[in-house]
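Each chain is listed here by its residues.
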Amino acid sequence: MARTKPKVVVTRKLPDVVETRMMELFDVHMNVDDHLFSREELKRAVAECDVLVPNLTDLIDKSVLENSGTRLKLIANFGNGVDHIDLAVAQAHNITVTNTPDVLTEDTADMTMALMVAVPRRLIEGAQIIRKGEFKGWSPTHMLGHRLHGKRLGIIGMGRIGAAVARRARGFGMAIHYHNRRRLHPELEAEVEATYWESLDQMLARMDVISVHCPHTPATFHLLSERRLKLMKPTAYLVNLARGEVVDEDALITLLKRGKLAGAGLDVFEHEPAVNSEFMSLKNVILLPHMGSATIEGRISMGEKVIINIRAFSDGHQPPDRVLPPQG
Ligand code: DGY
């Protein structure tokens, strides 16, 4: 006898190939026009489906989860970060939560390096000179930036993405330093010749570039507070492709304006999708619209992970990318 397919609600448009496979496997409600689900739509979705496939633009908080009744069993997040989901409430409702780790690592690390190069080398400013027809020819003092080779990179959060950035940055001739909740296995530390700092404060004061790769949790909210940002050298750069909430944005803007920091490359913002307009006037800042992992290959792999997690769960197995209940 054919088994009934789980009812799955997908909150945003996914690549065609992913949606097609989902249609074959599940009873899917897709978001054809890719609009952002309203609170009401989210509440309705959790009440009516077995599996919700949200992403970071959906706030799955207590008021949404309270509507889930007994039907919703799995939140198969399309994405790595789960800070938009109230995990404590999900756990209280016995809802399993999965994410899509690994498959965004290399793309995000590539984009980190792109920003790390682009800000000190003034890539966007240079490109604009050409487009505005303002290029008057080479001169020894034109468009001078700063070198990465030989500089110290401080990585905050040495998980998969942090380690992938470290490998790339070694290739750029940078010295790798890191702060992490736990020190790396000696083999991995040796591979990238990384120096571990138990004290974030001490590391911040000595680095030429700081790159943020930790998740946003209550413990990391404003981890880079005004006090900590002030510890950075005035010649240092900040790169953030993790979550905007990890950095006190107002303090960052003030320090950039006063020349107390050399520049910043930001792919994420504290109040996304809103971007603080104060950033716009700053020449030493490059702003990107949360596109660190945005490759078609990556998005398809994320979709495949979501499908594998749903299938494993529906077949009565532990889904491989379980966030909740926590893996052993
Ligand atoms: C995620 O999946 O959490 C990323 O921020 C998307 O780029």
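Draft legend 1. Looking closely at the site of the ligand. Taken together, L56, G79, N80, G81, L104, R243, H290 and S293 make up the full set of residues adjacent to the ligand. Taking R243, its side chain carries an N or O atom lying 2.7 Å from an oxygen atom of the ligand. Contacts to the ligand include S293, whose side-chain N or O atom sits 2.7 Å from an oxygen atom. Grouping the constituent residues of the shell around the ligand by class yields two nonpolar, five polar and one charged.

Draft legend 2. Region of the structure containing helix α12 (residues 296-314). Compared with the 27 Å implied by 1.5 Å per residue over 19 residues, the 27 Å span of α12 between its first and last C-alpha is a close match. Buried within α12 are the following residues: G298, M302, G303, K305, V306, I307, N309, I310 and A312. Those residues of α12 that are buried are in contact with β1 (7-10), α1 (16-25), β3 (51-53), β4 (74-76), β5 (96-98) and α5 (105-118).

Draft legend 3. Up close: the sheet that holds strand β6 (residues 152-156). The strand order across the open sheet built from seven strands is β8-β7-β6-β9-β10-β11-β12, with neighbouring strands paired in parallel fashion. Pairing within the sheet leaves two strands with one partner each, and these edge strands are β8 (195-196) and β12 (285-287). Of the strands in this sheet, β6 and β7 (175-179) touch helix α7 (residues 160-171), which is tilted by about 170° from β6.

Draft legend 4. Region of the structure containing the pairing of strand β10 (residues 237-240). Residue alternation in β10 divides its side chains into two sets, Y237 and V239 and L238 and N240, and both sets are buried. Here strand β9 (residues 209-212) runs beside β10; their pairing, made up of four bridges, is parallel. By the bridge assignment, V212 is partnered in β10 with N240. At this point the chain moves from β9, through helix α10 (residues 226-231), to the parallel β10, and the crossover so formed is right-handed. Note that β10 and strand β11 (residues 263-266) share four bridges and pair parallel. For V239, the partnering residue across the bridge sits in β11 and is G265. Between the parallel pair β10 and β11, the chain is carried across by helix α11 (residues 249-257), and the sense of this crossover is right-handed.

Draft legend 5. Spatial organisation of α1. Within α1, burial applies to V18, E19, M22 and L25. Projected onto a plane normal to the axis of α1, the buried residues spread over an arc of 130° and lie on a single side. Next to the buried residues of α1 lie β1, β2 (27-29), β3 and α12.

Draft legend 6. Quick look at the packing of aromatic side chains. Per the stated rule, a full pass over the model turns up two aromatic pairs. A ring pair is formed by F269 and F279, whose centres lie 6.4 Å apart and whose planes are at 65°; its orientation type is edge-to-face. Here F269 is found in the loop between β11 and β12, whereas its partner F279 is found in the loop between β11 and β12, with ten residues between them in sequence. Residue classification places F269 among the buried positions, given a relative accessible area of 3%. For F279, a relative accessible area of 1% puts it in the buried group.

Draft legend 7. Spatial organisation of the domain arrangement of the protein. Structurally, the protein comprises domain 1 (7-101 + 296-324) and domain 2 (105-287). Taken over C-alpha atoms, the centre of domain 1 sits 32 Å from the centre of domain 2. Counting residues at the interface gives six residues for domain 1 and six residues for domain 2. Carbon and sulfur atoms make up 40% of the area that domain 1 and domain 2 hide from each other, which totals about 440 Å².

Draft legend 8. Representation of unusual backbone geometry within the structure. Geometrically, the link from E272 to P273 is a cis peptide bond, its omega value of 5° lying close to zero. In this model, R122 sits at a positive phi of 60°, which is unusual for a non-glycine residue. Here R122 shows up in the loop between α5 and α6 (123-131). Despite not being glycine, M143 has its phi angle at roughly 55°, a positive value.

Draft legend 9. Geometry of the confidence of the model for the protein. Per-residue pLDDT for the protein averages 97, and the proportion of residues at 70 or more is 99%. Looking over the protein, one finds the lowest element-wise mean pLDDT in helix α8 (residues 186-191), namely 94, and the highest in β9, namely 99.

What counts, and where the lines are drawn
- Residues numbered from 1 in each chain as written.
- Predicted model: local features only at pLDDT ≥ 70, side-chain atom pairs only at ≥ 80, totals over all residues.
- Heavy atoms only, no water.
- Near = heavy atom within 4 Å.
- Polar contact = N/O pair within 3.5 Å; in protein donor to acceptor, adjacent residues only side chain to side chain.
- Nonpolar A, V, L, I, M, F, W, Y, C, P; charged D, E, K, R; others polar.
- Helix = DSSP H or I, 4+ residues; strand = E, 2+ residues; numbered from the N terminus.
- Expected span 1.5 Å × (residues − 1).
- Buried < 20%, exposed > 50% of the residue type's maximum accessible area, 1.4 Å probe, protein only.
- Contact = heavy atoms within 4.5 Å.
- Pairing = 2+ DSSP bridges.
- Axes fitted to C-alpha atoms, helices over the stretch in contact; angles between N-to-C directions.
- Right-handed = clockwise from strand over helix to strand, strands pointing away.
- Arc of directions from axis to C-beta.
- Phe/Tyr/Trp six-rings, centres within 6.5 Å; stacked < 30°, edge-to-face > 60°.
- Domains from an automatic or database assignment.
- Buried area = accessible area lost by both parts, 1.4 Å probe.
- pLDDT = per-residue confidence, 0-100.

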